[in-house]
Amino acid sequence: MKKKVLFALALAATLAMTACGGAKKTETTAAATTEKASEKASEKASEKATEAAKEDGEKTEVQVFVAASLKNVMEDLGQQYEKEHPEVKLVFNADSSGKLLSQIQEGYACDIFFSAAQKQMDTLEGEGNLVEGSRKNVVNNQLCVITLKDSGTKVTGLETLKDAKSIALADGTVPVGKYTRQALVALKILPETEDVSKITTQEVSEALGGVEISEQSNVSKVLAAVVEGSSEVGTTYYSDTYGYEDKVQILEKVPYDLTGNVIYPIAQIKNEEASQEEQDAAKDFIAFVTSDNAKTTFQKYYFDTDVK
């Protein structure tokens, strides 16, 4: 009887110890689970903090220099790109290609240059300022002679520019001004010369019988002069008439055989101050602009995407 009692007591003690050990094991497992959950929560909080920091302005900035005639289409494409890449901020600088060239040569921070003519890009490439292999031809454009609707002008195109009361014309360093001069040379209104961009505005005026010419520093200012009515006619690109269909009348779309192709090249600029992230983003944005998907947007703004 005594042995049975002792055995029962020993069994009870063993069961108590087992239960205690199981409780400790459960506590240990619960603690480990809590610790892992805490680590995951901490990781998620860190990720959210990083995303918030980016949203607060810590984005990869890309400086994009574009010809004035590209301003609208590039802002549209830029919004599309930033929607897909919220970590990138595209900063556009729009002006005449000649002025943008000068700014790059003077050391302005620039990651991408999108020119309205090959001449400026050729200059930068010759100076070793382009990232090798990044240069691509993107779109073609067409020179136009424009006036306000119902202006009553006698001008019908380039051949009758002398009949204008006043003309808005970009200077020869601006691609649209150069192409205008080139077409006038082809029509034998201006004499042949080695570099048509050096033909002064005064020389153009004299060749047209002394007509008043308002010289402008880029194509957007030519358009503005016509829209505001300060100049009776002007020469712009076809793409510049986008959004002004109710105000502007196109008197002539100048054929390519007078101007040659109006090709717009793009390239990545060597920028020693740019971080690796900025350089990578610049390269990726050029790929986006030159993709087949971007062609629809260019066509919407009256650019010719059939470029060889």
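Residues numbered from 1 in each chain as written. Predicted model: local features only at pLDDT ≥ 70, side-chain atom pairs only at ≥ 80, totals over all residues. Heavy atoms only, no water.

**Considerations on unusual backbone geometry**
For step 1, the next point in the chain: A positive phi angle, near 65 degrees, is found at Asp150, a position not held by glycine.
For step 2, the next point in the chain: Mapped onto the secondary structure, Asp150 falls in the loop between strand S5 (143–148) and strand S6 (166–170).
For step 3, the next point in the chain: Of the residues examined, Asp150 reaches a relative accessible area of 77% and is grouped as exposed.
For step 4, the next point in the chain: A positive phi is found at Lys188, a non-glycine position, where the angle reads about 65 degrees.
For step 5, the next point in the chain: Within the element layout of this structure, Lys188 appears in the loop between helix H5 (175–186) and helix H6 (201–207). (Helix = DSSP H or I, 4+ residues; strand = E, 2+ residues; numbered from the N terminus. Buried < 20%, exposed > 50% of the residue type's maximum accessible area, 1.4 Å probe, protein only.)

**Quick look at the sheet that holds strand S10 (residues 262–268)**
For step 1, the next point in the chain: Here 5 strands make up an open sheet; going across it, the order is S2-S1-S3-S10-S4 and the pairing mixed. Strand pairing shows two members of the sheet lacking a second neighbour, strand S2 (88–95) and strand S4 (136–141), which therefore form its edges. Across this sheet, the average inter-strand angle for adjacent strands is 20 degrees, counted without regard to direction.
For step 2, the next point in the chain: Sheet analysis places S4 next to S10, joined by 5 bridges and oriented antiparallel. By the bridge assignment for S10, Val139 is matched with Tyr264.
For step 3, the next point in the chain: Relative to the sheet, helix H2 (residues 71–84) contacts strand S1 (60–67), S2 and strand S3 (112–114), its axis offset from that of S2 by approximately 175 degrees. (Pairing = 2+ DSSP bridges. Axes fitted to C-alpha atoms, helices over the stretch in contact; angles between N-to-C directions. Contact = heavy atoms within 4.5 Å.)

**Overview of H5**
An α-helical turn contains 3.6 residues, so a residue and the one three or four places further along point in the same direction.
For step 1, the next point in the chain: In this model H5 runs 16 Å from its N-terminal to its C-terminal C-alpha over 12 residues, within 8% of the 16 Å that 1.5 Å per residue would give.
For step 2, the next point in the chain: In terms of residue burial, H5 counts as a mostly covered element, since 10 of its 12 residues are buried.
For step 3, the next point in the chain: Within H5, burial applies to Pro175, Val176, Gly177, Lys178, Tyr179, Thr180, Arg181, Ala183, Leu184 and Val185.
For step 4, the next point in the chain: The first or second residue beyond H5 is Lys188, which carries a positive phi of 65 degrees. (Expected span 1.5 Å × (residues − 1).)

**Some words on the confidence of the model for the protein chain**
For step 1, the next point in the chain: Here the protein chain averages 87 in pLDDT, while 81% of its residues score no lower than 70.
For step 2, the next point in the chain: Low pLDDT, under 50, characterises residues 1–35; the stretch is placed with 0 contacts to residues that sit more than four places away or in other chains.
For step 3, the next point in the chain: Confidence drops under pLDDT 50 across residues 41–50; counting only partners more than four residues distant or on other chains, this segment forms 0 contacts. (pLDDT = per-residue confidence, 0-100.)

**Focus on the pattern of salt bridges**
For step 1, the next point in the chain: Here the structure, examined in full by the defined rule, presents 9 salt bridges.
For step 2, the next point in the chain: Here Asp76 ties to Lys300 by a salt bridge, and the two come within 3.5 Å at their closest N and O atoms. Here the residue Asp76 occupies a position in helix H2, and Lys300 occupies one in helix H10 (residues 292–300), the gap between them amounting to 224 residues.
For step 3, the next point in the chain: According to the relative accessible area criterion, Lys300 is partly exposed, its value standing at 42%.
For step 4, the next point in the chain: Of the charged contacts, one joins Lys99 and Asp95 as a salt bridge, the two residues approaching to 3.5 Å between their closest N and O atoms.
For step 5, the next point in the chain: One salt-bridge network, held together by shared partners, links Asp122, Glu125 and Arg135. (Salt bridge = Lys/Arg side-chain N within 4 Å of Asp/Glu carboxyl O.)

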